[in-house]
Amino acid sequence: MARLLYRIGQFAARKRRSILVAWLIALIGFGGAALGLHGTMTDAVSIPGTPAQAAMAQMATKLPAFAGATGRIVFAVPKGQALTGPAYSKAVSSMLAQAAELPSVTRVVDPQQAKAISPDGRVSMAQIMFKGQITEVPVETQTRLADLASEFSVDGMTIDLSGAAVKQMPAIGSTEGLGVVIALVVLLITFGSVVAAGLPLLTALIGIGVGMSGILIVSGFTEMTSTAPILALMLGLAVGIDYALFIVNRHRLQMRHGMEIKESIGRAVGTAGSAVVFAGLTVVIALAALTVVGIPFLSVMGIAAAGTVVMAVAVAITLVPALLGFAGPKVLRRKDRARYVAARASADSGTANSAVDGAADSAAVDTEAASNREPVAVHTAVQPRKNRWATFVGKRPIAVLIVGVIALGVLAIPAFSLRLGLPDDGNAAPTTTQRHGYDLISGAFGPGANGPLIVTVQPNSPAGLNSALLGTMNDLAKLPNVVAAQPAGAAPDGTMGVVQVIPGTGPSEVATEDLVHAIRAMAPELGQRLGATIDVTGQTAMQIDVSDKLASALPVYLAIVVGLALILLLVVFRSILVPIKAALGFLLSIAVSFGLVVAVFQWGWLGSMFGVHTASPIVSFLPIILVGVLFGLAMDYEVFLVAGMREAWVHQGRHTGDAKGAVHGGFSAGSRVVTAAAIIMGSVFGGFILAPDSIIASIGFALALGVLVDAFVVRMTLVPAVMTLLGRHAWYLPKWLDKILPNVDIEGAALDEAAGKHEKESALIPAG
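The rules behind each value
- Residues numbered from 1 in each chain as written.
- Predicted model: local features only at pLDDT ≥ 70, side-chain atom pairs only at ≥ 80, totals over all residues.
- Heavy atoms only, no water.
- Helix = DSSP H or I, 4+ residues; strand = E, 2+ residues; numbered from the N terminus.
- Buried < 20%, exposed > 50% of the residue type's maximum accessible area, 1.4 Å probe, protein only.
- Contact = heavy atoms within 4.5 Å.
- Areas by Shrake-Rupley, 256 points an atom, 1.4 Å probe, with all protein chains shown as cover.
- Expected span 1.5 Å × (residues − 1).
- Arc of directions from axis to C-beta.
- Pairing = 2+ DSSP bridges.
- Axes fitted to C-alpha atoms, helices over the stretch in contact; angles between N-to-C directions.
- Core = buried A, V, L, I, M, F, W, Y, C linked by side-chain atoms within 4.5 Å.
- 1 Å grid on protein atoms, 1.4 Å probe; cavity = no way out; pocket = protein on both sides within 12 Å on 5 of 7 lines; lining within 4 Å.
- Points joined across faces, edges and corners; volume = space filled by probe spheres on them.
- Nonpolar A, V, L, I, M, F, W, Y, C, P; charged D, E, K, R; others polar.
- Salt bridge = Lys/Arg side-chain N within 4 Å of Asp/Glu carboxyl O.
- Polar contact = N/O pair within 3.5 Å; in protein donor to acceptor, adjacent residues only side chain to side chain.
- Left-handed = near helix turned anticlockwise from the far one by under 90°.

A. Local environment of the overall build of the chain. Regarding its fold elements, the chain presents 27 helices and ten strands. Looking at the chain residue by residue over its 768 residues, the buried ones come to 56%. Of the contacts made within the chain by residues no fewer than 6 positions apart, 81% connect residues no fewer than 24 positions apart. Carbon together with sulfur atoms contributes 63% to the accessible area of the chain, which is approximately 31300 Å² in total.

This is the structure:
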């Protein structure tokens, strides 16, 4: 792999103009196509085959008016007033009449008809039904509803909208750019050069532009949640910057020790680029493995994010070396450029002098050439400075390991209380109309009125529909946590009736979930007694089913990911113990991430700092997304850090037996760039914490904290401690396994061998 990437890097440097033009054409072409072909994203999360989804599909056939998206219009008047007042009554009836005429509105249920008026007469709730799902509701209709709410808010009456009646909030706000700004600052501090700092950011943005355009094009042909492109954006941007950072850093390191620019570009892509390709591959495989779970919206989300990672890798090994070719010595700090020019002049002078010395003194020529030419590889020329942290960990690895594991274990404790769910209007910001409406409904009718359950009744014969509906309502009303069970409608042919059940608790509470399971448990016996088939559906029931399905899929996916980690790292590091250590470290990082998310978003600890308005269950698909993404990123840092240790071991430690020195040398060489990469990635993810969408905010929080904990505690603290304790045993591999494993050579040993062979052959050629 190293030789292939070396040739790609040198080709990109030589043909830099063509490479740059090709990427710009791709960016413009895909961007233009995305403008014309993009589809509509959905905020609805569903899983085909779940009980609630199956019942909803049947209801869509027999009672289509009940199967579409629904919203609520909540009217409230000041204390001491009643909605029966002439001005209020006229405003309510006028607004409902105009709302019923809007496009895609199939039905508006008057509060008087539904008896949805609070006992004090101050609050009423009208239900508005739409044709199709929430993404099919025209924006013009939602905008007009908001205008009507403002127009008819007379004499202190407030009108709030919720559900599908509200225009969907954009998932991205203005705060996400903060992460990019922080990334630029970190790059400037790390490189001390505007050119070197701007290059990773520029290439990442180009890669993201092409990748996101491709995702938008695909959205025109398949259903995609609004979270999918946002996840792809945050992940693609983070890894795009990091992958370019690793290659640029290697190139600068080599140039500072006198290596010629084009040779250095080729070697940077051949060595650091090999690690980039492998690290990107781990992220892509982990994300693509989401298809194994068998949940369509997760499969689309994983493939979309994987596509941006593939684009980031492609940019890193083609566009980055091309731009490095344009940059020349400007990629170095100003004070290093003069040294580089002097070193190159000295190297060129030495080469010219050795050429006229003749073949008579070939041994002397060989010696002088070896001393004047650029080093054949960075590891033979660069002696990293002593790293205080590596020295500290190396002197007391047992203590560091014990303290680190205990600290992570404490942070992971809240993970045992993890509850999954999907956000509702109760999680919206207190200033929004949907949250205001949610609170009014909860106060006037109870929290369960915000998430009623729909129970479908299909009699064995149409003649038995009325008796089946009546029997169902009577039995459901006796269940604990049921406030009301009332008829909601029936099919004209008598094949289906609908009962609306109002729980005593909110949509995301445990008691509501227990009620759904209780109704399903009694449905077979009740249906047999009444001569009907009884099912539970509705938005609340569908969300519960989604959460249950995702919770059961999590252990399977985690096992797949951990198994994948063991196999991939076994191939890369040719070691038995290193993969096991990496997998255990990954599990620690995952546990801590879950624990911190539960503490902040579910328990509400420090919630105000992170924009958490209401403590609620964790978004049901976050754990699986977190496992997939964090696995790939954790393996990134594992590869970049441990690859340096293996490189030091292969070239030096194996011959001297100094395994501890190899750990220290590899850590010292890679710790600074890994630190910068982790801060950049954490900043990019952290920029999404203040996003207006609670799903995006929780994902950004989990990924930001997960990356920082994994990089600074697991990879840069526990890893060197464990590697020091293992010593030379860390690199043990049975001979029979060594023979059958492919050699991916991410440390670039093949390049060193080729360079060494070229040096020897050059010394034997007589001078002209």
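Following the structure, the description resumes.
B. Fine view of helix α7 (residues 139-151). For α7, which comprises 13 residues, the first-to-last C-alpha distance of 18 Å matches the rise-based estimate of 18 Å (1.5 Å per residue) to within 8%. Turning to α7, its buried residues are T141, Q142, L145, L148 and A149. Buried residues of α7 fall within an arc of 120° about the axis and therefore sit on the same side. Residues of α7 that are exposed and point more than 90 degrees away from the buried face comprise E140 and S150.

C. View of the sheet that holds strand β4 (residues 158-163). The four strands are arranged β2-β3-β1-β4 in an open sheet whose pairing can be described as antiparallel. If you trace the sheet from one side to the other, it starts and ends with β2 (105-109) and β4, each paired once. Going from strand to strand, the sheet's axes swing by 20° on average, the running direction of each strand aside. Here strand β1 (residues 70-76) runs beside β4; their pairing, made up of six bridges, is antiparallel. Looking across to β4, one finds that V74 is bridged to D160.

D. Highlighting helix α2 (residues 16-37). Taking 1.5 Å per residue, 22 residues should reach 32 Å; α2 reaches 31 Å between its end C-alpha atoms and fits that length. All of the buried residues along α2 are I19, W23 and A34. Axial view of α2: buried residues confined to an arc of 35°, hence all on one face. Exposed and facing more than 90 degrees away from the buried side of α2 are R17, I25, I28, L35 and G36. In this fold, the buried residues of α2 make contact with α1 (2-14), α9 (194-219) and α12 (296-327).

E. Layout of the nonpolar core. Ranked by size, the top nonpolar core spans 170 residues in total, and within it L235, Y243, F621 and F685 carry the most contacts. Sort the elements by how many residues they give to this core and helix α23 (residues 622-656) lands first, with 20 residues. Setting aside chain neighbours within four positions, we find F685 in contact with M234, L235, A238, L633, G700, L703, A704 and V707. Among the nonpolar cores identified, the runner-up in size contains 37 residues, and V109, L465, I519 and A541 belong to it.

F. Region of the structure containing the sheet that holds strand β9 (residues 532-537). Here four strands make up an open sheet; going across it, the order is β7-β8-β6-β9 and the pairing antiparallel. Of all strands in the sheet, those bounded by a partner on one side alone are β7 (482-490) and β9. Taking each pair of neighbouring strands and ignoring which way they run, the sheet shows an average axis angle of 25°. Running over the sheet, helix α20 (residues 510-530) touches β6 (453-459), β7, β8 (497-503) and β9 and is turned about 170° from β9.

G. Representation of empty space enclosed by the protein within the structure. Under the counting rule described, the total for this entry stands at four cavities of 30 Å³ or more. What the largest cavity holds in volume is close to 110 Å³. If you go around the largest cavity, you meet 14 residues; those closest to its centre are L420, G421, P507, S508 and I544. Among the elements of the structure, β5 (420-421) and α21 (539-573) are those that each provide at least two residues to the lining of the largest cavity. A class-by-class count of the residues in the lining of the largest cavity yields five nonpolar, five polar and four charged. In this structure, the second largest cavity is lined by T203, A204, G207, I208, G236, G240, T308, M311, A312 and V315. Mapped by element, the contributors of at least two residues to the lining of the second largest cavity are α9, α10 (227-255) and α12.

H. Quick look at the side chain of T282. Along the chain, T282 falls in helix α11 (residues 261-288). Each residue touching T282, except ones within four places of it in the same chain, is listed here: L568, F631, G632, M635 and D636.

I. The pattern of salt bridges, seen in detail. Under the defined criterion, the tally for this structure stands at eleven salt bridges. Of the charged contacts in the structure, one is a salt bridge between E263 and R267, with a shortest N-O distance of 2.8 Å. Of this pair, E263 and R267 both sit in helix α11, four residues apart, roughly one helical turn. Judged by its relative accessible area of 17%, E263 is buried. Taking relative accessible area as the criterion, R267 reaches 4% and is therefore assigned buried. For E638, the salt bridge goes to K581, with nearest N and O atoms at 2.4 Å.

J. Structural context of the side chain of S219. Within the secondary structure layout, S219 lies in helix α9. In terms of polar contacts, S219 uses its side chain to reach the backbone carbonyl oxygen of L216, at 2.5 Å.

K. Looking closely at unusual backbone geometry. For S104, which is not glycine, the phi torsion reads 75° and is therefore positive. The residue S104 is located in the loop between α5 (86-100) and β2 in this model. Within the chain, R574 stands out as a residue other than glycine whose phi angle is a positive 50°. Note on placement: R574 falls in the loop between α21 and α22 (577-602).

L. Up close: the packing of helix α19 (residues 465-477) against α20. Closest axis-to-axis distance for the α19/α20 pair is 11 Å, and the angle between their directions is 145°. When the axes of α19 and α20 are compared, the crossing they make is right-handed. Contacts between α19 and α20 involve A468, G471, T472, D475 and L476 from the former and I519, M522, L526, R529 and L530 from the latter. Residue composition of the contact of α19 with α20, by class: six nonpolar, two polar and two charged.

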